[in-house]
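# Residue-level structure breakdown
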Amino acid sequence: MYKKVLSIVVYLCGYGLLDAALPPSLQNLPYAIYPTSPTYNTVRFNYNQRFNIFPQAIISPTTQTEAIFVLTELKNNNVSFSVRGGGHCYEPGSLSSSCIFQLSGFNSIDLDIPNSQVTIGAGCPLAQVISTLGMAGYAIPTGTCGSVGVAGLTLGGGIGFLGRPYGLTSDYVVSFTLLTADATIIEVTKNNYPDLFWALSGGGNGAYGIVLAITFQMLSVPDTCYYVITFPWKATTAPQIFEAAQNWILSLPDNISAIVNTIYSYGTPTLLIEGLKIGSSASDNPFTEWQTAFSVFKPSVEVNYGTYYEMSALWVGTDKLPFRKAISNILVEPINTKGVKKIYNFIQQLIQNQAQLEFIFQVEALGGKVAESSSPSNLTKGFAWMYQPTIWNQQDQGVAALNYSSQFHSLISGYVSKYAYSNTTDYSLGSYFMTAYFGDNANQLISIKNKYDPNNVFQWQQSIPESGPVAGGLVCQ
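First, a word on scope: everything that follows refers to the structure included in this document. (Residues numbered from 1 in each chain as written. Predicted model: local features only at pLDDT ≥ 70, side-chain atom pairs only at ≥ 80, totals over all residues. Heavy atoms only, no water.)

## Observations regarding the overall build of the chain
Along its length, the chain carries 14 helices and 16 strands. Compactness check: the chain gives a C-alpha radius of gyration of 23 Å against a globular reference of 23 Å for 477 residues, within 12% of the reference. Taken along its principal axes, the extent of the C-alpha atoms in the chain is 70 × 60 × 45 Å. Of all 477 residues assigned to the chain, the portion counted as buried reaches 56%. The contacts of the chain with a sequence gap of at least 6 include a subset with a gap of at least 24, amounting to 72%. Accessible surface, the chain: about 19,200 Å² in total, of which carbon and sulfur atoms supply 52%. (Helix = DSSP H or I, 4+ residues; strand = E, 2+ residues; numbered from the N terminus. Rg over C-alpha atoms; globule rule 2.2 N^0.38 Å. Buried < 20%, exposed > 50% of the residue type's maximum accessible area, 1.4 Å probe, protein only. Contact = heavy atoms within 4.5 Å. Areas by Shrake-Rupley, 256 points an atom, 1.4 Å probe, with all protein chains shown as cover.)

This is the structure:
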């Protein structure tokens, strides 16, 4: 009997039911999920299920009044909390063992066609944004994963297939609707809060307040084509193709985007390049720019023409495997031949070991309008950025997968810059993350943090700290 009672107590404590830190005012809210809720064990996870955390409450306000109330009660009762939009943080930055302030209830999309603007709730996933705007004949620059939340993407800068011709997602923000540290709501624009507006446009994830909605200036995107160039896999030619692809990226006009994907998936390697050509049609302006660089490798080429919205249906997807670790680096110059050989030798090692995971080495073109952005993000500094997720299907594969990720991180470090993309959250950066994500802008972001959140109400492991300065200087090897 004693053992049975003890096991129940341990179970309840594990789910936070016996933790007195949750004040009465935040209990039994109709817009919250608690450990006793039937959906709790689904909703408590981020899309990256590597982090098994048991919050006391997942609170999803749906109105500004509810949001103000929740933040006020959290502050007045000294309850720690995290803020979660789409839940795509690679590390547990949007999770908490106390309370999660979830933005899924802010999911409206309000079109203002006369002004070519749209106001989007912070919890909207990109698939919904692309679809709603596309059916109206508009777009904003977004990423390619449909389940990513629009606020998180924007607050990190935001890149995707429209980046080179049009710029970052944050470049199209008109205003942020922000719940501040003193639990008031303000409209942040270039004119009324210029410093805060700049910080939120690529340096503001989870640091200055809670963004409830964003108003964007919309684009009318000309007809386009979506292309996929797939190469026969050969260990001898894969490094040559990648080097040719890097040089090709450097020569591209701004209206062409490109992502070079080397994918190892449970024993099978694939090498392909995909992207968009804006202002392209099958008859008047076909996609032929690939031929000079890649014809010698005899790839298969698939090209689809149509509106941007029609093409988006071919590439907007969601992640399938539950566990992952990711790293990123901004490439300020091409990876040299020695580094490329090491990368593809690593891929061959995965093939030989029949590693039970998915390993993606992806290089996406930057430059173009991205380089002209005023965002505090380091995305503006490079010609491309390297994204490397390691993904696995079963919990017990995690140790091996993380070892592979760490090995690759060490291998690549001597051949890429020390800059990284803040939306690819990587705790292995340690205390260096501010310089890695924001470079010379780090100290200015800290100053703005002190101005608008001097008591550090909004904090997580990689939020903008309330003190500084950050040591400057990066060595790009």
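Resuming the write-up.
## Some details on the sheet that holds strand E14 (residues 323–331)
The seven strands are arranged E13-E10-E12-E11-E15-E16-E14 in an open sheet whose pairing can be described as antiparallel. The sheet is open, and its two borders are formed by strand E13 (300–306) and E14, each paired with just one other strand. Geometrically, the sheet is characterised by an average inter-axis angle of 15° between neighbouring strands, direction not taken into account. Note that strand E11 (residues 259–265) and strand E15 (residues 358–365) share seven bridges and pair antiparallel. (Pairing = 2+ DSSP bridges. Axes fitted to C-alpha atoms, helices over the stretch in contact; angles between N-to-C directions.)

## Examining unusual backbone geometry
Even without being glycine, Ala 183 reaches a positive phi, approximately 60°. Within the fold, Ala 183 resides in the loop between strand E7 (173–179) and strand E8 (185–188). Here the phi dihedral of Asn 456 falls at roughly 55°; this positive angle occurs in a residue that is not glycine. Within the secondary structure, Asn 456 is located in the segment after helix H14 (442–452).

## Some points on the sheet that holds strand E4 (residues 99–102)
One open sheet accounts for four strands, arranged E1-E2-E4-E3; its pairing is mixed. What marks the edges here is a single partner per strand, and that holds for strand E1 (32–33) and strand E3 (81–84). Relative to E4, E3 is paired through four bridges, and the arrangement is parallel. Looking at E4, one finds that Arg 84 is bridged to Gln 102. Contacts between helix H3 (residues 64–76) and the sheet are confined to strand E2 (57–59), E3 and E4, with E4 contributing the most and set at about 155° to the helix.

## A look at the packing of helix H4 (residues 126–135) against helix H10 (residues 308–315)
Remark: H4 packs on H10, axes separated minimally by 9 Å, with the N-to-C direction vectors making an angle of 155°. The angle between the axes of H4 and H10 places the two elements in the roughly antiparallel class. Crossing angle aside, the handedness with which H4 passes H10 is left-handed. Along its contact with H4, which presents Ile 130, Ser 131, Gly 134 and Met 135, the element H10 presents Tyr 309, Ser 312 and Trp 315. A breakdown of the residues in the contact of H4 with H10 according to their chemical character gives four nonpolar, three polar and no charged. (Parallel < 35°, antiparallel > 145°, perpendicular 65-115°, else oblique. Left-handed = near helix turned anticlockwise from the far one by under 90°. Nonpolar A, V, L, I, M, F, W, Y, C, P; charged D, E, K, R; others polar.)

## Some remarks on helix H8 (residues 238–251)
If you check H8, its first and last C-alpha atoms are 20 Å apart, about what 14 residues at 1.5 Å a residue would give, namely 20 Å. Listed in full, the buried residues belonging to H8 are Ala 238, Pro 239, Ile 241, Phe 242, Ala 244, Ala 245, Gln 246, Trp 248 and Ile 249. (Expected span 1.5 Å × (residues − 1).)

## Regarding the environment of Gly 306
Topologically, Gly 306 is positioned in strand E13. When the C-alpha positions of Gly 306 and Thr 224 are compared, they lie 5.7 Å apart, and in sequence the two are 82 residues distant. Not counting the four nearest positions on each side in its chain, Gly 306 is found in contact with Asp 223, Thr 224 and Met 311.

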